[in-house]
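Take a look at the letters that make up each chain.
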Amino acid sequence: MTTIELQDAALDQKRLFIDAGFNRKFVDKALSTPSSEIWKPSADLMAAADVITGLSDGTDFAVSGFGGDVSKEGMANALAGALPLLKALKEKFPKDYDGVISTYYDDYIADA
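Residues numbered from 1 in each chain as written. Predicted model: local features only at pLDDT ≥ 70, side-chain atom pairs only at ≥ 80, totals over all residues. Heavy atoms only, no water.

## Details of the confidence of the model for the protein chain
Keep this limit in mind: Here pLDDT means the predictor's own confidence in every residue, given as a number from 0 to 100. The helix and strand labels rest on DSSP assignments: H or I over at least four residues marks a helix, E over at least two residues marks a strand, and numbering proceeds from the N terminus.
Scored by pLDDT, the protein chain has a mean of 86; 88% of the residues are at 70 or more. Per-element averaging of pLDDT across the protein chain places helix α4 (residues 72-82) at the bottom with 86 and helix α3 (residues 43-48) at the top with 91.

Written as structure tokens, this is what we have:
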């Protein structure tokens, strides 16, 4: 990109953030930080600049589409719907099926 194109792109980006309601001083600081540096504004500063509305401890969001309060049965149903082989395994080899689901569920919970 030419210098003019870079300047135009920076102005477009600045307008985008300001039009979205971000604080102008915050946007100026963020966009003036050289790419060779990292600016890590505090959560309080981001909230004051209307960049964020709050913080999450990680439990507010669902992982992998299972929902925030996944049950073993719910996970089994979702997996069986996506993997027809599991339906056959459940019918022909229920103990093996339970083992697969238990392992998947236990690993999911341990990593959550």
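## Thoughts on the pattern of salt bridges
Put simply, the test is: The rule for a salt bridge is simple: a side-chain nitrogen of Lys or Arg has to be within 4 Å of a carboxyl oxygen of Asp or Glu. The buried label applies to any residue whose accessible area, calculated with a 1.4 Å probe on protein chains only, is under 20% of its type's maximum; exposed applies above 50%, and partly exposed to all values in between.
If you walk through the whole model with that rule in mind, you get two salt bridges. Residue Arg15 pairs with Asp12 through a salt bridge whose shortest N-O separation is 2.8 Å. Here Arg15 pairs with Asp12, and both are found in helix α1 (residues 3-19), just three residues apart, close to one helical turn. For Asp12, a relative accessible area of 46% corresponds to the partly exposed category. Among the salt bridges present, the one from Lys14 reaches Asp28, with a minimum N-O distance of 2.6 Å.

## Section: the packing of α4 against helix α5 (residues 84-92)
Operational definition: Axes, fitted as lines to C-alpha atoms, cover a helix only where it is in contact. Angles between the N-to-C directions of the axes lie from 0 to 180 degrees. When checking whether two residues touch, look at their non-hydrogen atoms; a contact exists if any pair is within 4.5 Å. In this count, Pro and Cys sit with the nonpolar residues alongside Ala, Val, Leu, Ile, Met, Phe, Trp and Tyr, while Asp, Glu, Lys and Arg are called charged and the others, Gly among them, polar.
Packing of α4 against α5 brings their axes to within 4 Å, and their N-to-C directions diverge by 115 degrees. In this structure, α4 uses Leu79, Ala80 and Ala82 to contact α5, whose residues at the interface are Pro84, Leu86 and Lys87. Classifying every residue of the contact of α4 with α5 gives five nonpolar, no polar and one charged.

## Some words on the nonpolar core
Applicable threshold: Remark: nonpolar core denotes a set of buried residues (Ala, Val, Leu, Ile, Met, Phe, Trp, Tyr, Cys) joined through side-chain atoms within 4.5 Å.
Core analysis: the largest hydrophobic core is formed by 10 residues, namely Val70, Met75, Ala76, Leu79, Ala80, Leu86, Tyr97, Ile101, Tyr105 and Tyr108. Contributing elements (two or more residues each) for this core: α4 and α6 (94-111).

## Quick notes on the side chain of Thr33
What counts is decided by this rule: Any pair of N or O atoms that falls within 3.5 Å is considered a polar contact. Within protein, one atom must be able to donate a hydrogen and the other to accept it, and sequence-neighbouring residues count only if both atoms are side-chain atoms.
Relative to the assigned elements, Thr33 resides in the loop between α2 (24-32) and α3. Reaching out from Thr33, the side chain makes a polar contact with the backbone oxygen of Lys29 at a distance of 2.8 Å.

## Regarding unusual backbone geometry
The phi dihedral of Asp50 is positive, around 60 degrees, even though this residue is not glycine. Mapped onto the elements of the fold, Asp50 is located in the loop between α3 and α4.

## Looking at the packing of aromatic side chains
To keep it simple, the criterion reads: Pairing of aromatic rings covers Phe, Tyr and Trp, the last counted by its six-membered ring, and requires centre-to-centre distances within 6.5 Å; plane angles under 30 degrees mean stacked, over 60 mean edge-to-face, and any other angle means tilted.
This structure, assessed with the given rule, holds two aromatic pairs. Relative to Phe22, the ring of Phe17 has its centre 5.4 Å away and its plane inclined at 25 degrees; by these criteria the two rings are stacked. Accessibility expressed as a relative area gives 25% for Phe17, which makes it partly exposed. On the basis of relative accessibility, which here comes to 22%, the residue Phe22 falls in the partly exposed class. Here Phe26 and Trp39 contribute two aromatic rings whose centre-to-centre distance is 5.0 Å and whose plane-to-plane angle is 50 degrees, an arrangement assigned as tilted. One end of the pair, Phe26, is in helix α2; the other, Trp39, is in the loop between α2 and α3, with 13 residues separating them in the sequence.

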